[in-house]
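Spelled out, the chains give:
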Amino acid sequence: MNASLTFEQGIYHLSGVLDFQSVVALRDQDIWSAGEPQIDLANVSNSNSAGIALLLEWLKLAQQKGVQIKYHNLPESLGVIARAYGVDQELPVTP
Amino acid sequence: MNKLLIQGGATLQGEIRISGAKNAVLPIMAATLLAQGPAIVENVPHLQDVTTTVELLGTMGVQVVIDETMSIEVDNSTITSQVAPYDLVKTMRSSILVLGPLLARYGKAEVSLPGGCAIGSRPVDIHIKGLQAMGADIEVVNGYIKARCDRLQGARFVMDMVTVTGTENLMMAASLAKGKTILENAAREPEVVDLANFLNAMGAKITGAGTDTITIEGVDGLQGTRYRVVPDRIETGTFLVAGAITGGRVKLKNTDPTLLDSVLDKLRDSGAEIQIGEDWISLDMHGQRPRAINVRTAPYPAFPTDMQAQFTALNTVAQGTGTIVETVFENRFMHVQEIRRMGADIEVEGNTAIVRGVDKLTAAPVMATDLRASASLILAGLVAKGETEVQRIYHIDRGYELIEEKLAYLGAKIRRVPG
């Protein structure tokens, strides 16, 4: 897998490449046991729309579970794709 | 439902980049189904029909990802279904383009028949007959074209009318057929040539694309590749008319002047000074009102039907009277009634519109009826006195990437508002 998810000081840190191969495994990881997950994307080195799909999938799961999820440090490459497809306003991104 | 508000009167000036051609990228995305291995398509315009095609491939289980440059990577190794369902086909007639690739690569395909169309009939009979000539077993049941074959066999096939999507579908299918296929009376459009170039980049053996006889030597397999689609000649032409109708001066980059000979000739006739480079075109009207011109649409390389409505708009404010003859599609003067509401003097007799230029158009609420009609209403709005409101602009989003941003960049007073 070319992406990883680690948990430090109450925040999940996502790093590596988000592509079709890596996001399927990431989606299945348990990010819910810590309550309301916060995910730092600062170390995502590369991504395509599969990364957006992962963030939207986690958002959908959070809504189903009735918890809030927050994303931090959205990379510009993901921001461009999110804006192009009109989903940037749906993603709960904070600086 | 969004609408566009255009305050007329601005003279367009400046430079913009032209997007990749919608009519090239859609068949190329369908052709990725033929590849063994991922294919990457660059210069993809961000348009609703592209999104629909991504969705169509996705429903088949194909992996499609998009990067920040809007390049699309398609990997069909995970395909689970060879069905194009009605819900998607009804929103985009070009979905029929997956029929040939699915059949040739997987030996089966089910594609919903497209529904009615606002701009006349576009029969799919030629697609079906051509594939049957290559040995496919095809029946139409429950609104679906259901096709099966072992391996398609090369054949000589004469199309009884020139059809772009028919030529493209059969060319894709023949790429993996056993033996030689010769397509006679083929469409010559640049988008057909671009598809042939893409298929050849994947390992196909196609010659004659761009002429009315295309020869395809079938191969056993095609490999994924990276390919940049051709610039959009219709978007290019539309922005050139926008410059001309406003008496302006525009330069369009990332385009291909060799694809627009007939359109450039007509713009010169209207009084425009045209200059071209390898990948750019500039137009300068020197502040003058255009002269009326006569246009007759016909298959490429003649004047394109997809530019007819824009030139109708140009003639509405030109000096003199121009005639527009539409020979490609039936019922393609639906924009005329709307432009008349802005004060245009247009008379339609059969497939001919006689346009008498008037000094001024006046703003009015108008309704878009199809993609190119929408463009003509926007062009008319650019020169109308007052604020024109163009409704039902979802049509325009199917074919023009960021149209209001590009026009605004050239100085137009245009904005999109909800409602």
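Residues numbered from 1 in each chain as written. Chains lettered and ligands numbered in written order. Predicted model: local features only at pLDDT ≥ 70, side-chain atom pairs only at ≥ 80, totals over all residues.

(A) Spotlight on the interface of chain B and chain A. With seven residues of chain B in contact, the opposing surface of chain A contributes nine residues. For the side of chain B that touches chain A, the per-class residue count stands at three nonpolar, two polar and two charged. (Contact = placed C-beta atoms within 7 Å. Nonpolar A, V, L, I, M, F, W, Y, C, P; charged D, E, K, R; others polar.)

(B) How the structure looks around the packing of helix H8 (residues 233-245) of chain B against helix H12 (residues 371-383) of chain B. Residues and elements named next belong to chain B. One way to put it is that H8 packs onto H12 with a least axis distance of 9 Å and a crossing angle of 20°. Classed by the angle they form, the pair H8 and H12 counts as roughly parallel. Considering only the axes of H8 and H12, their crossing is right-handed. Where H8 approaches H12, its residues Thr238, Val241, Ala242 and Ile245 are matched on the opposing element by Ala375, Leu379, Leu382 and Val383. Taken together, the residues that form the contact of H8 with H12 break down as seven nonpolar, one polar and no charged. (Axes fitted to C-alpha atoms, helices over the stretch in contact; angles between N-to-C directions. Helix = DSSP H or I, 4+ residues; strand = E, 2+ residues; numbered from the N terminus. Parallel < 35°, antiparallel > 145°, perpendicular 65-115°, else oblique. Left-handed = near helix turned anticlockwise from the far one by under 90°.)

(C) Local environment of the nonpolar core. Residue and element names in this part refer to chain B. Core analysis: the largest hydrophobic core is formed by 96 residues, its most contacted members being Val25, Ile28, Leu103, Met171 and Ala173. The leading source of residues in this core is helix H1 (residues 22-31), at seven residues. Not counting residues up to four positions away in its chain, the partners in contact with Ile28 are Val41, Leu195, Phe198, Tyr227 and Val229. Membership of the second largest hydrophobic core comes to 65 residues, among which are Leu240, Ala313, Ala368 and Leu377. (Core = buried A, V, L, I, M, F, W, Y, C linked by C-beta atoms within 7 Å. Buried ≥ 20, exposed ≤ 12 C-beta atoms within 10 Å, placed from the backbone.)

(D) Geometry of the sheet that holds strand E20 (residues 295-296) of chain B. Residues and elements named next belong to chain B. Pairing is mixed in the open sheet, where four strands are placed in the order E20-E21-E23-E22. Each edge of the open sheet carries a strand with a single partner, namely E20 and strand E22 (345-349). Inspection of the sheet shows strand E21 (residues 321-325) paired to strand E23 (residues 352-356) by five bridges, in the antiparallel sense. Looking at E23, one finds that Thr321 is bridged to Arg356. Along the sheet, helix H10 (residues 308-316) makes contact with E20, E21, E22 and E23, crossing E21 at roughly 165°. (Pairing = 2+ DSSP bridges.)

Fair warning: the whole summary comes from geometry, so function is off the table for now.
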